[in-house]
Amino acid sequence: MDTLFQQIDTCPDLYAIRQLVFVNSAAYAYTEIRVDQHTALFGRNNLGKTSMLNALKLFLLPEENFKKCDRKFGFCSRSGDFYSAQESFKYYFPDQNSFILLEAENLYGPFCVLLHQGRKEFSYARIVVPCAYEEIRHLLWDFAADCNEGLGAPLETLSLASIQAELSQLGGESLHDSKTIRERLFAYHPMSREEGRYCLLPLKQGGTDRELAAWKQLIHLAFDIGANDSRTLPDALATIIEGEKQRKSDELSIDLNQILQDYEQLRAERDELQRVSNAREDWERFDTCYRQYEAQSRDVGQFYVDLKAALAAEQSTIVPLIEKAVQTHEAAQEVWNKVKTGFRDSSDRVKQLEGSQAEREQQLKQSETAVKRISDIQRAYPGLDPDELLAELQQQAKRKAAFIEDLQDEGQRQARMEQLNHALIRDRKRRDRINVQLEHVKPTVLDQLDPQAATVLYNLAPALAEVTPVLDQPSREVMQQFAGLFELAEDAWVLCGEPVPNVTILPYNPEAVREQLEQQLIKLKDAIQKQDLELKELLACTRFTQAEQREKLKAEQAELSILQTHITLMKASDTHFQQFKKAQASLAELQQQIADARHDSERYKKQYNEALGLEQQARESLDALKVQKQTVSEQLGRLELLRNSHGVLQGWASHLEPMTRTLPEDALAVLERQCIEMGELQQKLMEALRTLLSQQLLESDGSESYRVSFEMAHVKALRQQFERLFSTLEGQQMDYDNRVRAHNKNTSIQMDALRDAGRQIRGFIAEINREFGAYSVSNLEEVQFACDLHPRFQLLLSDLDKINLFGEELHDQRLYQRLNDFCDEFFRDSGRYGRVLQMHQLIEKVRYRFRLSGQDQFTENAQSNGTTSMVNSLLLSILLKRLLAQDAQICLPLVMDEMASIDQQNLQTAVEIAQQHGFVLFGASPDMSAEIVQAVRHYIYLGMFKATEKAYSEQRRVVYHGACESLRPLAKNSVTPELVEADG
């Protein structure tokens, strides 16, 4: 049996799909499938048979991505769950080297459409190439490789970049946007090779939105030829009907909700206009009160302005005097404050200085006490300078401390007594020797030498000045020579060129030596006296009882403390004397400052009394003027109270100028009486306003009528609003009448559109049935196509026939009530959102009516899958002709999943009917069946071809290319079929 392509290859306007190629996509490593001949796909479930069939939608629909995948493609699992965009994208384009290719042919020759991953999320892109697939198939698979049991191997470097250059050389180009895709793939250009080179589907109007919407529904029918989805045929039918209209504005799209909203708005406006008209009498009463009040309030306002101007003029004569008195008082007060500050500061200074005087007198007393004690100490030690006195006190303290230690330690006391005894013996001998030397003057050793030698030896050994042996000549010469060895250099004695350390340089003076001896004698005597006294005291202590010893120790410690105090005073004697002098001078200076401060304070006190008298005089003058002003101010205050209690006075005061007039003496009382009368009129005005406001004619929340009071500016604004409202009432009524007429006309048009929609559906069904009459299917004598409108829609049409839609007044409320009831029930039951009625919503159900051969009655009983598929094929052909260009013919695959569910006879008939109308049957079944093979002749068992060694991915290993297997009879009259391999 020849292929459909072989039968129609001579047709110049044929648009056909040849084959589908998967590269690293779906479940396939590399697979070529012919789709221009009746073919069955066999293989276990999850092998990708259904997904292979569904992949045709990617080419036949002008989409660019998998977003909203369920609405665009309807990919779903066996359980009916739709696949997501991510799942679909990852399935068909898992890698960058994943491709799906469609080879097609039109009147300009063969061409290929290559799909690959796009740049955006979940997107895919198209490349069209003007050549047969045979010229580029080597770019996608290595057919020469000895691999995978002779099936070839994947190309390791395969990517879009690796093939794009060669595709470009062959004239390939990318289709980037939806507009270009529509123009190149769906527009019919029989006279332009360039524009029509890649046309897959020659639509009449070049791929308009309505055409593509209808085509999409037909695609769903082609992929659901068994009509398993109850909405496929109704939606396709509605889309075709709408698509044949000349303009998009002719499509059925009736916004029932807008009609109801317009009615509600007009009805509310009618009621509002009536309410305004009913309130006209209240408005006129309010307007009369307002005009009376406005005139009277103006007269009272003028009287108020004039009286206020007169009082202000009287007040203005006092103000300058008060201002001058204020300045005089402020000047006097400033002087008084300044003098008061000086007086306060001077008094504070006297107090401060007197406080300091007591402090300085205390300091002087303390310094004087210390100086007196130092003087007493010095008088106790006559003849001693301060340094000697300090040394003497320190020596006494040292001895006193040692004596205290001796008292505390018996052994130490004995040792001290022995020490004192030895010291007394030594010092008495030295005293006697010095006495002899002083009483009996003899020349010393140094006196027997020359002055130079005497000076040298005196500096080296001062004791030579006290010994008096008589030197012979040789001894004197030796000493002279020895002294000659020393030389004086700078401040040191030098012996043989080396300075002698720790030697002072003093000239030898016998008289000075004698004076030194006399002083030493005095000191020795004193020391002997003290040592003797201490020794006696220690001896006496040896005879003390323990109690006497404790008393003695306590007394000695007290004397030591006194000595230490005297030492401390003597050490700081210079400081104490300086502090004493300084304290005397500071006290004298402070006393002079106190005298000066007291003098200044007396002077400021006199000035203060004078300034205080002037300030009191100025204040009394100012107070007198203020009392005078207060009288006028009280009158102005009463006037202000009137203004505050009658806001209208304040309003007029800002608009009126004072007039020159003679005012009565009781002008203020006259004004008060006028204000009372005006208040009574205002109360009447407010009552009229509240009556008008209570009818809620203005655009407000209705709370105005409950207000306690109104500002006149607010009353004026409300009157302006009411005036606009009642003055435009007639114009608003005319505008309302015009809009009612327009609404009635529009509603009538929309209701006519509903009736027309029903007539269009019935007319379209009649046309289809006329075309059905030219065919017979299986054992069916006649097939009729029937369409059931939604029952609520039919009921609405029936109701419309009973209502008059023409008239000047707003339509009867019953019409809108029925429309509202229809919307509530129709859109709620159908699960639709919004209230816009469209064609596909009117078609409740599409069904077939069958009349079997030999019978007169029609039946709607379900026919076999094969019969249903045949009828759907016929319907698809009829509907498709309404979309295609008149001279074009197409060859499309009809997808029939689960082909094994159809018996052999019906399947054979389905194949024949599909072929008669330009379709090829493309189906799938998990198990291989001889009945299916005999019916479709060509088949592929996908499970037999797998990559055993290399593939692009472990998840995609099916490899198939070359010819399909087919079933053909061996001889013309043979009834025994045999499996043979078909030609490529």
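Only a predicted model underlies this, so the values are computations on that prediction, with no experimental measurement involved.

Criteria and cut-off values
- Residues numbered from 1 in each chain as written.
- Predicted model: local features only at pLDDT ≥ 70, side-chain atom pairs only at ≥ 80, totals over all residues.
- Heavy atoms only, no water.
- Helix = DSSP H or I, 4+ residues; strand = E, 2+ residues; numbered from the N terminus.
- Rg over C-alpha atoms; globule rule 2.2 N^0.38 Å.
- Buried < 20%, exposed > 50% of the residue type's maximum accessible area, 1.4 Å probe, protein only.
- Contact = heavy atoms within 4.5 Å.
- Areas by Shrake-Rupley, 256 points an atom, 1.4 Å probe, with all protein chains shown as cover.
- Lys, Arg positive; Asp, Glu negative; His and termini not counted.
- Charge placed at Lys NZ, Arg CZ, Asp CG, Glu CD.
- Expected span 1.5 Å × (residues − 1).
- Salt bridge = Lys/Arg side-chain N within 4 Å of Asp/Glu carboxyl O.
- Phe/Tyr/Trp six-rings, centres within 6.5 Å; stacked < 30°, edge-to-face > 60°.
- Lys NZ or Arg CZ within 6 Å of the ring centre and 35° of its normal.
- UniProt positions renumbered as here; feature names shortened; annotations may be inferred.
- Core = buried A, V, L, I, M, F, W, Y, C linked by side-chain atoms within 4.5 Å.
- Domains from an automatic or database assignment.
- Pairing = 2+ DSSP bridges.

## So, the overall build of the chain
Helix and strand counts for the chain stand at 29 helices and 20 strands. At 69 Å, the chain has a C-alpha radius of gyration far larger than the 30 Å of a compact globule built from 984 residues. Each of the three principal axes of the chain carries a C-alpha extent, and together these read 195 × 125 × 65 Å. Here the chain holds 984 residues, and the buried ones make up 44% of them. When contacts within the chain are restricted to residue pairs at least 6 apart in sequence, long-range pairs at least 24 apart make up 74% of them. Carbon together with sulfur atoms contributes 48% to the accessible area of the chain, which is approximately 53,300 Å² in total. Each charge class in the chain can be summarised by its mean position, and for the 115 positive and 149 negative side chains these summaries are 4 Å apart.

## Here we look at helix α14 (residues 410–439)
Spanning 30 residues, α14 covers 42 Å between terminal C-alpha atoms, matching the ideal 44 Å at 1.5 Å per step. As for α14, its buried residues are in contact with α13 (386–408), α17 (510–541) and α18 (546–571).

## Re the pattern of salt bridges
Pairing of side chains with opposite charge becomes possible as their charged atoms draw close. Inspection of the entire model under this criterion finds 34 salt bridges. Between E392 and K530 there is a salt bridge; the shortest N-O distance is 2.2 Å. With E392 in helix α13 and K530 in helix α17, this pair connects stretches of sequence that are 138 residues apart. Residue class for K530 comes out partly exposed when judged on its relative accessible area of 22%. A salt bridge links E782 to R851; its shortest N-O distance comes to 3.3 Å. On the criterion of sequence distance, the pair formed by E782 in strand β12 (residues 780–789) and R851 in strand β14 (residues 843–852) is long-range, its members being 69 residues apart. On the basis of relative accessibility, which here comes to 27%, the residue E782 falls in the partly exposed class. Assessed through its relative accessible area of 18%, R851 is described here as buried.

## Some points on the environment of E121
Following the sequence through the fold, E121 ends up in the loop between β5 (109–117) and β6 (124–129). For the pair formed by E121 and F66, sequence separation is 55 residues and the distance between their alpha carbons is 8.8 Å. Sequence-distant contacts of E121, defined by excluding residues within four places in its chain, comprise N65 and K67.

## Quick look at the packing of aromatic side chains
Within this structure, the stated rule accounts for 26 aromatic pairs. Arranged with centres 5.7 Å apart and planes meeting at 50°, the rings of F75 and Y92 form a pair that is tilted. Of this pair, F75 sits in the loop between α4 (69–72) and α5 (85–92) while Y92 is found in helix α5, placing the two residues 17 residues apart along the sequence. This pair shows no difference in class: F75 is buried, exactly as Y92 is. Their ring planes at 40° and their centres at 6.3 Å tell us that F286 and Y290 sit as a pair that is tilted. With F286 and Y290 both in helix α12 (residues 280–380) and four residues apart, the pair spans about one turn of that helix. A relative accessible area of 7% places Y290 in the buried class. Of the aromatic side chains, those joined through ring pairs into one cluster are F66, F73, F75, F89, Y91, Y92, F93, F122 and Y124. One Lys or Arg, R137, reaches over the ring of F143 and ends 3.9 Å from the middle of that ring. Looking at R849, its charged tip hangs above the ring of F858, at a distance of 4.6 Å from the centre.

## Structural notes on the UniProt feature "coiled-coil region" (unreviewed entry) in the chain
The residues that UniProt annotates with the feature "coiled-coil region" (unreviewed entry) are residues 249–276 and 580–635. Secondary structure over residues 580–635 splits into 100% helix and 0% strand, and the C-alpha atoms at its two ends are 79 Å apart.

## Here we look at the nonpolar core
Across soluble globular proteins, nonpolar side chains have a tendency to be buried as a group. Counting residues in each nonpolar core, the largest one holds 187 residues, and the members touching the most others are L20, L58, F66, W215, L237, F722 and F772. If one sorts the elements of this core by residue count, α12 sits on top with 14 residues. Inspection of this core shows a minimum of three residues originating in each of domain 1 (18–202 + 884–966) and domain 3 (745–859). Every residue in contact with L58, bar those within four places of it in the chain, is listed here: F66, F73, F75, Y92, F93, I100, L115, Y124 and R126.

## Topic: the pairing of strand β16 (residues 919–925)
Among the seven residues of β16, seven are classified as buried, and the element is accordingly described as predominantly covered. With four bridges connecting them, strand β3 (residues 39–42) and β16 associate as parallel partners. Paired with T39 across the bridge in β16 is F922. By the bridge criterion, five bridges tie strand β15 (residues 889–896) to β16 in an arrangement that is parallel. Bridge pairing in β16 links V895 to F922.

## Examining the pairing of strand β10 (residues 492–495)
Examined bridge by bridge, strand β9 (residues 486–489) and β10 share four bridges and lie antiparallel to one another. Bridging from a neighbouring strand, L488 pairs with W493 of β10. Adjacent in sequence and paired antiparallel, β9 and β10 are bridged by two residues, among which E490 carries a positive phi angle near 55°. Where β10 meets strand β11 (residues 498–499), two bridges bridge the pair, whose relative direction is antiparallel. Residue pairing across strands places V494 opposite P499, the latter belonging to β11. Taking the residues between adjacent antiparallel strands as the criterion, β10 and β11 are bridged by two residues, where C496 takes a positive phi near 55°.

## What about the environment of E711?
Within the secondary structure layout, E711 lies in the loop between α21 (667–693) and α22 (712–727). As for E711 and V648, which are separated by 63 residues in sequence, their C-alpha atoms are 8.5 Å apart.

## Brief notes about the domain arrangement of the chain
We note that the domain assignment places domain 1 (18–202 + 884–966), domain 2 (379–476 + 504–572) and domain 3 (745–859) within the chain. Placing a centre on the C-alpha atoms of domain 1 and another on those of domain 3 gives a separation of 39 Å.

## Regarding the sheet that holds β10
The strand order across the open sheet formed by three strands is β9-β10-β11, and the pairing between neighbours is antiparallel. Only two strands of the sheet have a single partner each, and these edge strands are β9 and β11.

## Observations concerning the side chain of S51
Within the secondary structure layout, S51 lies in helix α2 (residues 49–54). The exposure class of S51 is buried, given its relative accessible area of 12%. If near-sequence neighbours (up to four positions away) are discounted, S51 is found in contact with A26, Y91 and Y92.

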